[in-house]
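Single-letter residue listing:
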Amino acid sequence: MNELMYFEYPYLYQAKAEITGSAEDERGRYLTLNKTIFYPQGGGQPADQGEIHSADVVYSVEDVRQVAGE
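So, a few notes on the structure that sits alongside this text. Quick caveat, the model's predicted, so the values are computed rather than measured.

A count of helical and extended segments in the chain gives 1 helix and 6 strands. Its helices and strands taken in sequence order, the chain reads β-α-β-β-β-β-β from the N to the C terminus. For 70 residues, the compact-globule estimate of 2.2 N^0.38 gives 11 Å, and the chain sits close to it at 12 Å. Over its C-alpha atoms, taken along the principal directions, the chain stretches across nearly 30 × 25 × 20 Å. Out of the 70 residues in the chain, the part that is buried amounts to 17%. Long-range contacts, defined as pairs at least 24 residues apart, comprise 37% of the intrachain contacts of the chain with a sequence gap of at least 6. For the chain, the accessible area works out to roughly 5700 Å², and carbon and sulfur atoms hold 47% of it. Of the side-chain charges in the chain, 5 are positive and 12 negative, and the distance between the mean point of each set is 1 Å.

Across all of its chains, the model carries 2 aromatic pairs by this definition. Look at Tyr6 and Phe7: their rings are 4.7 Å apart centre to centre, the planes differ by 50 degrees, and that puts the pair in the tilted class. Given a relative accessible area of 9%, Tyr6 falls into the buried group. The class for Phe7 is exposed, based on a relative accessible area of 59%. Summarising the aromatic geometry, the rings of Tyr6 and Tyr39 are spaced 4.9 Å apart at their centres and angled 70 degrees between planes, so their arrangement reads as edge-to-face. Highlighted residues: Tyr6 in helix α1 (residues 5-8) and Tyr39 in the loop between β4 (35-36) and β5 (50-54), separated in sequence by 33 residues. Take Tyr39: its relative accessible area is 30%, and that puts it in the partly exposed class. Here a set of aromatic residues connected by ring pairs shows up, and it is made of Tyr6, Phe7 and Tyr39.

The next thing to look at is the environment of Pro40. Among the secondary structure elements, Pro40 is positioned in the loop between β4 and β5. Residue classification places Pro40 among the buried residues on the basis of a relative accessible area of 11%. Each C-alpha atom of the pair Pro40 and Ser22 lies 17 Å from the other, and the pair is 18 residues apart in sequence. Setting aside anything within four residues of it in sequence, one finds Pro40 in contact with Tyr6, Gln45, Ala47, Val64, Arg65 and Gln66.

About the criteria used
Residues numbered from 1 in each chain as written. Predicted model: local features only at pLDDT ≥ 70, side-chain atom pairs only at ≥ 80, totals over all residues. Heavy atoms only, no water. Helix = DSSP H or I, 4+ residues; strand = E, 2+ residues; numbered from the N terminus. Rg over C-alpha atoms; globule rule 2.2 N^0.38 Å. Buried < 20%, exposed > 50% of the residue type's maximum accessible area, 1.4 Å probe, protein only. Contact = heavy atoms within 4.5 Å. Areas by Shrake-Rupley, 256 points an atom, 1.4 Å probe, with all protein chains shown as cover. Lys, Arg positive; Asp, Glu negative; His and termini not counted. Charge placed at Lys NZ, Arg CZ, Asp CG, Glu CD. Phe/Tyr/Trp six-rings, centres within 6.5 Å; stacked < 30°, edge-to-face > 60°.

Following this line, the structure appears as structure tokens:
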């Protein structure tokens, strides 16, 4: 289970997190994080968008989903 920071800090725009995994499914490539400020899609609320900066790589966040507690 990752830490859902968007509940406690709804106006936070930056945070440090660890990438705990990566994979690919029918929607494309995805990352899992140990904590997140990105709000997932659900209940009529659109998912947050943004970027994840890791070393020399910048990942574009286009969709956020919570699946099985991750």
